[in-house]
Amino acid sequence: MSEKTGFVEKMEYLFNEANHLEIFLPKSQRWHRVTPNDFRSFDGKRRIQGEEYEGPLYAYGTNRKVSPKHNNKIVESEVTKARALISQKIR
């Protein structure tokens, strides 16, 4: 996240960010291409270049590892909460 909100931690990526990163959304029964930030924080099926990925799961925008709950959602953090507050102020 930007320096304006104070979140400047360098993200840890244990995969090549340039690869084709996808998450599976059960409601649409489809794979969807996503950004590296969304990929590393999605608590559901993930794949890289078509191969299933079983790497660590992180709270969004942090290097804090979390245990999976398999709820097919982005794992929220203080970063997602701060973004929500900023969005509300802009509206």
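Throughout what follows, the structure given in this document is the object of discussion. (Residues numbered from 1 in each chain as written. Predicted model: local features only at pLDDT ≥ 70, side-chain atom pairs only at ≥ 80, totals over all residues. Heavy atoms only, no water.)

Moving on, we come to the overall build of the protein chain. The helix and strand tally for the protein chain stands at 2 helices and 6 strands. In sequence order, the secondary structure elements of the protein chain are arranged as β-β-α-β-β-β-β-α. The principal-axis extents of the C-alpha atoms in the protein chain amount to approximately 40 × 30 × 25 Å. Residue burial in the protein chain is summarised as follows: out of 91 residues, 30% are buried. (Helix = DSSP H or I, 4+ residues; strand = E, 2+ residues; numbered from the N terminus. Buried < 20%, exposed > 50% of the residue type's maximum accessible area, 1.4 Å probe, protein only.)

This part covers the sheet that holds strand β2 (residues 30-33). Strand order in the open sheet formed by 4 strands is β2-β1-β3-β4, and the pairing between neighbours is antiparallel. The open sheet has two edge strands with one neighbour each: β2 and β4 (51-52). Examined bridge by bridge, strand β1 (residues 21-25) and β2 share 4 bridges and lie antiparallel to one another. Of the residues in β2, the one forming a bridge with Glu22 is Arg33. (Pairing = 2+ DSSP bridges.)

The calculated volume of the largest pocket comes to roughly 190 Å³. In terms of lining residues, the largest pocket is bounded by Phe42, Asp43, Gly44, Lys45, Arg46, Glu52, Tyr53, Glu54, Gly55, Leu57, Pro68 and His70. (1 Å grid on protein atoms, 1.4 Å probe; cavity = no way out; pocket = protein on both sides within 12 Å on 5 of 7 lines; lining within 4 Å. Points joined across faces, edges and corners; volume = space filled by probe spheres on them.)

The next point concerns the pairing of β1. Most of β1 sits out of view: 4 of its 5 residues are buried. Inspection of the sheet shows β1 paired to strand β3 (residues 46-48) by 3 bridges, in the antiparallel sense. Looking at β3, one finds that Ile23 is bridged to Arg46. The antiparallel hairpin formed by β1 and β2 contains 4 residues in its connecting segment, where Gln29 sits at a positive phi of about 55°.

Our next topic: unusual backbone geometry. Unusually for a residue other than glycine, His70 sits at a positive phi of about 55°. As for its placement among the helices and strands, His70 is situated in the loop between β6 (65-66) and α2 (78-90). When its relative accessible area of 61% is taken as the criterion, His70 is described as exposed. If you check the backbone angles, Asn72 has positive phi at about 60° while not being a glycine. Within the element layout of this structure, Asn72 appears in the loop between β6 and α2. A residue is classified by how much of its surface remains accessible, and Asn72, at 30% relative accessible area, is partly exposed.

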